[in-house]
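Working through the structure, step by step
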Amino acid sequence: MQWMDVCSVADLQENSGVCALVNGLQVAIFYLPTDELAVYAISNYDPIGKANVLSRGIVGDINGHKVVASPLYKQHFDLQTGACLEDDTVTVPIYACQINGGRVQVDTRLVAPLRQLIENSTNTKQEVVSA
Amino acid sequence: MSIKQTLVVIGNGMVGQHFLASLVASPAKDQYDIVTFCEEPRPAYDRVHLSAFFSGTTAKELSLVEDGFFEQHNITLHLGDKAASIDRAAKIVTSAKGVTIHYDKLVLATGSYPFVPPVAGHDRAQCLVYRTIEDLEAMAAAAKTGKVGTVVGGGLLGLEAAKALKDLGLETHIVEFAPRLMAVQLDEAGGAMLRRKIEDLGVIVHTGKNTSLITDGETCINKMCFADGEELETDIVLFSAGIRPRDDIARACGLEVGQRGGIVIDNDCKTSDADIYAIGECALWNGMIYGLVAPGYAMARTAVANLTGEAGSFTGADMSTKLKLMGVDVASIGDAHARSQGAMVYSYQNGADEIYKRLVVSADGKQLLGAVLVGDASGYSTLLQYCLNGIELPENPDALILPHRSDESVGLGPDALPVSATICSCYNVTKGKLCTAIEAGCTTMDGLKKETQAATGCGGCAALVKSVLNSELAKQGVEVNTDLCEHFAYTRQELHTLVRVEQIKTFHELLIKHGKGLGCEICKPTVGSILASQWNEHILGKDHTALQDTNDNFLANIQKDGTYSVVPRIAGGEISPDMLIALGQVGKKYKLYTKITGGQRVDLFGATLEQLPLIWKELIDAGFESGHAYGKSLRTVKSCVGSSWCRYGVDDSVGLAIELENRYKGLRSPHKIKFAVSGCTRECAEAQSKDIGIIATENGWNLYVCGNGGMKPRHADLFATGLDKETLIKTIDRVLSFYVRTADRLQRTSVWMENMEGGLDYLKSVIIDDKLGLGEQLEEQMQHVIDTYQCEWKTTIEDKSKLKRFHHFINSDGTDDNVVFVEERGQIRPARDDERKHFNLVEVA
Ligand SMILES: Cc1cc2nc3c(=O)[nH]c(=O)nc-3n(C[C@H](O)[C@H](O)[C@H](O)COP(=O)(O)OP(=O)(O)OC[C@H]3O[C@@H](n4cnc5c(N)ncnc54)[C@H](O)[C@@H]3O)c2cc1C
Ligand code: SF4
Ligand code: SF4
Ligand code: FES
């Protein structure tokens, strides 16, 4: 893992997103304080609206999937897989993300499937894996 | 193969038109070349709703003929031409303008004319009748100069005419020859109750009066002298003393007519000449003239069936009626007078609430023969179905008219009706027909109306049609799901109530108490809006930021490339040159694309997140405030220049617009709200296309509500007239608060009102008559929003913690390199895909 330090937890927006510049990539980081994983990172680029806006979408859940809704045309993107719920040909990249000692860290090399992402992550509990 | 026959229809009134429409819809329509004579200057219109003409419904809106109907179906229409004679031997019709036409088949649909008693002086000035649009125009003209109006005749139509006079602002009298009102439909007790109610409304009723002379008045234009020696000064005399069939043309060509008039027809609607039919109010069947539209329509369908070789006959019609007369519900069903042999009567009288009900039941107590309802006609549909379908009555029939003091329901649910039950008698739609349409996919009231025509005539059956729809949908397992989303099993209105009653201040609290999951982009902004309209805390407060749609979230309007546009408030569209220059300087400094909006303000495009607070700092220093263009909230109050400059102006439209815009700015609502104010009836501000429209008149402000432009434009409805400013503002306060409370998410005022059971009348009763007793509460709610107003931008730029989010990156001062502008007509615009090819897009994979 190559964790990049991004910002402090206090810089995040509760139940909402911010955008970070990591290795030249625009990464949308969402902060769900009551969630087990707490932070999720996906690409900030909305491939349907063709603009860097996903961090400004509304966060929520649809049928059990944690999602962000694009602020442009409202498609939902799964925060854990990057899949677009409305169009299964569209996926956005997802990145490993964690909170470590009050700092938010992202590893942009890791565009891994969910399971691997969680296994590699240091501060998460194992039981969520089965979910 | 066959040569077409010529079919001539004389009269293009309600029934004549229904005949044509049924004929062209039948498979045999190509058998005939169709010609119709229409004496009036316009083709058929809705006479039943004629009175709506006075509340602003136009002649065009009353029309029953779709644009292009005659052309599309190759029907020759002789408009404004009266058929003058019929030569039955030669089979030729000659018109007043000299047109002659040979017919193979002839249909008489000449209707009737208002009977004017041959009292001396009946033809004096301002002695009018009530049947055509021209009659109403004459009334409106006469009411301009007159003060007193008197209706002769206290029947259904007379009461309706009296309401029209009252609404025109005249002192109104009703003079009736019989000892009670609505003598045909009501018994004595019912008539007396109706009289009390109508007198309560300020109409003066004189019964048992025989007019002997109309002559010069002293204080008014006319004076009516009665047989008993009394006199009544009045400007307008409006005769509504019954109708007489227009059978002169039939009489002249030797067709059989009744002793007291009416063209005699048989069960096929044929006259004494087998090639001539008569339908509607001119026809006499079994000694009866039917003065209602539903039986006329049934005759029209019978004639069509006969002419096209289908089966069908007219065997009499039900004359039951339900009306709202001057706000009083009145209904009469079947044998209201208990004339049938052995009939038993139950009656219920409630003097306090002024309700009278009476049931007429068969000797064995099993069948309902008739009923009279005054003051509360809610049981009409149920009773009518008992009566028409011969459904056996419950053991204690009086339960049907006694007030419900227990939970036990006595209504006849739609499931209790046989498939053959006629639900809509105007268009002869049975329950079976409705069910078939519903099964085929008509799952909304609108769709069902279009498919079956049910509830599109007099409208009396609408409630029953709706309940059939709901019960069928429930049976199909189509759950009529009104949940806001998967997180809240409530409607927006219910959530609003929960927030208000339980004093809930945050989304989180509401979710814990009444919802599940995390929420989504539907419930979050909805609840955000409810909280804002109820408590009016800053929408970017800690608990609220994450609820807002991106526009609200950054207090600006997102554009296709992720940049934002900025719209400062320019109340009423009034702006000084200095302010305009200041605005221009900001636009220039930040190189913003600048455009004038449809709401009389200026939109500045192309601002990045980091620029927004800088731009707003300068705008606020120059004296601007947020325009709320980003919110579902009050947008603009557009105005014309009004009486200060315009030579036609009646009042200061700009002044009022500014006052209203400043009053309601910041109000969060289910959808955007637009206003406009015009300084006179020329309506340069287009107020009638707005949610709230106001037009100045000599008598005060006229208020229109629930209009909109956009995807599905709708004219606003006239809501109240001649208001002073204080009453106007109070009324708007109430309408808007009620809208905020009860509308669905993203529902404009038009759809909100149209979906309301009872529509405009109901809305009026809640707002103007304060039927729900909510008036004060609604005003208080609005006052709270007004008192807690803040410029959202001013608060934001003064609060460091709120400003943190206005950067593209949380960890860098860099900007979004995907935002690329090119120049066009001297200003910027986002680059198109083909123009940005050479840029290296952000790597995505
Ligand atoms: C104010 C008002 C309220 C009413 N409310 C209700 C209600 O609530 N419910 C209800 O059921 N009914 C109501 N009615 C009655 C209803 O309007 C009539 O039953 C219906 O209009 C009858 O239709 P019709 O075609 O027979 O006659 P009309 O609609 O009168 O049409 C006859 C047409 O033929 C034309 N005509 C006549 N002679 C000739 C000729 N020789 N050549 C060419 N044209 C000719 C006439 O000018 C007229 O346009 C109301 C009527 C009025 C006036
Ligand atoms: S609506 Fe009347 S007052 Fe206003 S600009 Fe037009 S003509 Fe003048
Ligand atoms: S009409 Fe269409 S293109 Fe024009 S501003 Fe509205 S949504 Fe955009
Ligand atoms: S009964 Fe008149 S519209 Fe249905």
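Described below are features of the structure shown in this document.

Criteria and cut-off values
Residues numbered from 1 in each chain as written. Chains lettered and ligands numbered in written order. Predicted model: local features only at pLDDT ≥ 70, side-chain atom pairs only at ≥ 80, totals over all residues. Heavy atoms only, no water. Core = buried A, V, L, I, M, F, W, Y, C linked by side-chain atoms within 4.5 Å. Buried < 20%, exposed > 50% of the residue type's maximum accessible area, 1.4 Å probe, protein only. Helix = DSSP H or I, 4+ residues; strand = E, 2+ residues; numbered from the N terminus. Contact = heavy atoms within 4.5 Å. Expected span 1.5 Å × (residues − 1). Arc of directions from axis to C-beta. Pairing = 2+ DSSP bridges. Axes fitted to C-alpha atoms, helices over the stretch in contact; angles between N-to-C directions. Polar contact = N/O pair within 3.5 Å; in protein donor to acceptor, adjacent residues only side chain to side chain. Buried area = accessible area lost by both parts, 1.4 Å probe. Salt bridge = Lys/Arg side-chain N within 4 Å of Asp/Glu carboxyl O. Nonpolar A, V, L, I, M, F, W, Y, C, P; charged D, E, K, R; others polar. Parallel < 35°, antiparallel > 145°, perpendicular 65-115°, else oblique. 1 Å grid on protein atoms, 1.4 Å probe; cavity = no way out; pocket = protein on both sides within 12 Å on 5 of 7 lines; lining within 4 Å. Points joined across faces, edges and corners; volume = space filled by probe spheres on them.

Before going further, it helps to spend a moment on the nonpolar core. Residue and element names in this part refer to chain B. Within the largest apolar cluster, 92 residues are counted, with the highest numbers of intra-cluster contacts made by Val8, Ile10, Phe19, Leu106, Leu108, Ile279 and Val465. Counting residues per element, this core draws most heavily on helix H8 (residues 293-307), which supplies eight residues. If we ignore the near neighbours within four places in the chain, the residues touching Ile10 are Phe37, Ala83, Ile86, Val93, Leu106, Val107, Leu108, Ala109, Thr110 and Ile249. The next biggest cluster of nonpolar side chains, apart from the first, holds 41 residues, and it includes Phe719, Ile732, Val735 and Leu774.

This part is about helix H6 (residues 188-200) of chain B. Residue and element names in this part refer to chain B. When the terminal C-alpha atoms of H6 are compared, their 19 Å separation across 13 residues agrees well with the 18 Å that a helix rising 1.5 Å per residue should span. Along H6, the residues classified as buried are Gly190, Gly191, Met193, Leu194, Lys197 and Ile198. Buried residues of H6, seen end-on, are gathered within an arc of 165° and therefore sit on one face of the element. When the buried face of H6 is taken as reference, the exposed residues oriented beyond 90 degrees from it are Glu188 and Asp200. Those residues of H6 that are buried are in contact with helix H5 (156-167), strand S12 (204-206), strand S22 (328-334), strand S23 (344-350), strand S24 (355-361) and strand S25 (368-374). Taken from the residues just after H6, Gly202 is the one with a positive phi, measuring 95°.

All names here are of chain B. Read from one edge of the open sheet, three strands run S13-S14-S15, paired in antiparallel fashion. Of all strands in the sheet, those with a lone pairing partner are strand S13 (211-216) and strand S15 (231-234), marking the two edges. Across the sheet, the axes of successive neighbouring strands diverge by a mean angle of 20°, strand direction being ignored. Here strand S14 (residues 222-226) pairs with S15 via four bridges, running antiparallel. Across the sheet, residue Cys225 finds its bridge partner in S15, namely Glu231.

Residue and element names in this part refer to chain B. The topology assignment puts Glu792 in helix H24 (residues 792-797). Among the residues examined, Glu792 registers a relative accessible area of 7% and is labelled buried. A polar contact is formed between the side chain of Glu792 and the side chain of His628, at a distance of 3.4 Å. With sequence-adjacent residues up to four places away left out, Glu792 is seen in contact with His538, Ile539, Leu555, Ser626, His628, Tyr630 and Arg668.

This part is about the interface of chain B and chain A. Between chain B and chain A, the contact holds 39 residues from the first and 37 residues from the second. Carbon and sulfur atoms make up 55% of the area that chain B and chain A hide from each other, which totals about 3000 Å². The largest share of the area that chain B buries against chain A comes from Leu518(B), Glu521(B) and Ile810(B), three residues that together contribute 19% of it. Put simply, chain B and chain A have four salt bridges between them. Note that Lys74(A) is salt-bridged to Asp549(B), the shortest N-O span being 3.3 Å. Counting across the chain B and chain A interface gives 16 residue pairs in polar contact (both at pLDDT 80 or more). Considering only residue class, the side of chain B that touches chain A consists of 15 nonpolar, 11 polar and 13 charged.

All names here are of chain B. Interhelical geometry of helix H13 (residues 492-501) versus helix H20 (residues 725-742) gives an angle of 105° and a closest axis separation of 7 Å. Of the possible angle classes, the one that applies to H13 and H20 is roughly perpendicular. Contacts between H13 and H20 involve Arg492, Gln493, His496 and Arg500 on the former and, on the latter, Tyr739, Val740, Arg741 and Thr742. Its residues assigned to classes, the contact of H13 with H20 comprises two nonpolar, three polar and three charged.

Its volume calculated, the second largest pocket comes out at about 830 Å³. Lining of the second largest pocket is provided by 32 residues; of these, Glu14(A), Asn15(A), Lys542(B), Asp543(B) and Ala546(B) occupy positions nearest its centre. At the level of elements, strand S7 (58-62) of chain A together with helix H14 (507-514) and helix H25 (800-803) of chain B are the ones that each hand at least two residues to the lining of the second largest pocket.

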